[in-house]
Every structure is written in structure tokens, then in C-alpha cells.
Amino acid sequence: MTPEPVTLKITEDALEELITTYARHTATAAGRLRDRPRHRVSLDSDAASADRAACWLRMVSIVEIYTEALLRHLAREAPGRAPGGWSDVIGLLRRQHNIDVADISAWERLEACFLVRNAVAHGLGRFTAKQLEKETPRKMRVIGVPVRDGMVAITATSLAHCLETCREFITKLNTHPQVTTEAITVSAAADARAEH
């Protein structure tokens, strides 16, 4: 009989933070819609766009932080100095723990989420000339982010897709066979210590 996968505390915390971040955003957006004067035709799009971009940045950052925490957990390291960046984290997962994140079903969409995050964080929503040469905007189709004149346009729908992608990636990473094996081993050891 195969044991049930163990959901790690860091996974539960990351998923809760994702949901809370998105819920705060939707509550703010709903409040803005409710409070706007009736004679105005549209919502203040700059504030709404900025709110969606901030929510996007935070959700993708939660995935990064979670993945780094998982790497430390698997290596049984105390929190401390983080690896050099996202590519180091995923490289260490592959080399040290035989976890290739590219095999996780949400990976292609998550990569696109990172590209949007980078455009927002480093180019105020605009892709660099190098990204345009690499046809980065075409990769946005997989997550439904419109690109207008080399600039990302995060919509409410694409933000919901980002949430689902981040949630799926974290959940799938938590249930990866290497992580599951480690979690069961650690859980069994803790149970054995508790019995003595």
C-alpha cells in the first residue's frame, strides 16, 4: 500500500500565502469598483494595473521563496544564505535531489509568469530589446497575458491564471517523488522519536 503524500508545512504556508495575496487583491479591486462614482465610465486603470502587477510580483516571489525553502529542507539546512538566484535553485534541485522542475506540468506556464514578473520588475512592464529579439512576448500566450507594443497587460483573467499556475507548481513540487520520499522519511523519523 502506497502511503499518502505528506504535505510539508512550508508547502501549506506557501499555498496559504498565495491565496491570501490573491484574496487581498480581489477585495481591493472589488472595493475600488464599488466606490467609484457612477458617472465615470471606467475604473482608474493605472491604479488597477499597478495593483494587478504588484499581486503578480508577490505571487511569483512566493514560488521562488517556497522553492528555496524546499531546497534547504531537502538538504536539511537551516535557513540562511540563499543560492545565487532562481537558476541556481533549480540547478541545485536537479543536481543534488534529482528534481527537474522542467518535468513538472506547470513549468512552461510558470516560466512565462517569471518573464512577466521580470518585465514588470525590471522594465516597468516593457520587454527589453533582447527579450523582443528572442520573441519572448509569444511565450505569454500560454498564460493569456496580452502584449501591446512590447508591454505586458496583466488582466484580471491572466492574474487568476498566474495564481493557478503558482498553486499548481507548488503542489506538484510538493508531491514530486523525491520530495515525497524525503517527507515520508522525515515524518517516520519524527514519529519514532515521539514514541520514545
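The structure under discussion appears in the preceding block.
Summarised in this report is the structure supplied together with it. All values reported here derive from a predicted model rather than from experimental measurement.

Cut-offs used in this document
- Residues numbered from 1 in each chain as written.
- Predicted model: local features only at pLDDT ≥ 70, side-chain atom pairs only at ≥ 80, totals over all residues.
- Heavy atoms only, no water.
- Core = buried A, V, L, I, M, F, W, Y, C linked by side-chain atoms within 4.5 Å.
- Buried < 20%, exposed > 50% of the residue type's maximum accessible area, 1.4 Å probe, protein only.
- Helix = DSSP H or I, 4+ residues; strand = E, 2+ residues; numbered from the N terminus.
- Contact = heavy atoms within 4.5 Å.
- Phe/Tyr/Trp six-rings, centres within 6.5 Å; stacked < 30°, edge-to-face > 60°.

1. Brief notes about the nonpolar core
Then comes step 1: Counting residues in hydrophobic clusters, the biggest one holds 46 residues, and the most contacted among them are Trp 56, Met 59, Leu 110, Val 116 and Phe 169.
Then comes step 2: Elements with a minimum of two residues in this core: helix H1 (9-35), helix H2 (45-74), helix H3 (86-97), helix H4 (107-123) and helix H7 (156-174).

2. What to know about the side chain of Thr 21
Then comes step 1: Along the chain, Thr 21 turns up in helix H1.
Then comes step 2: If sequence neighbours within four positions are ignored, Thr 21 has contacts with Cys 55, Arg 58, Met 59 and Ile 62.

3. A short note on the packing of aromatic side chains
Then comes step 1: For the structure shown, the criterion picks out 3 aromatic pairs.
Then comes step 2: With a centroid separation of 4.7 Å and 20° between ring planes, the pair formed by Trp 86 and Phe 114 is classed as stacked. With a gap of 28 residues between them, Trp 86 in helix H3 and Phe 114 in helix H4 connect regions that are remote in the sequence.
Then comes step 3: Here Trp 107 and Phe 169 contribute two aromatic rings whose centre-to-centre distance is 6.1 Å and whose plane-to-plane angle is 40°, an arrangement assigned as tilted. Here Phe 169 lies in helix H7 and Trp 107 lies in helix H4, a separation of 62 residues in the sequence.
Then comes step 4: Ring pairs connect the aromatic residues Trp 86, Trp 107, Phe 114 and Phe 169, which therefore count as one cluster.

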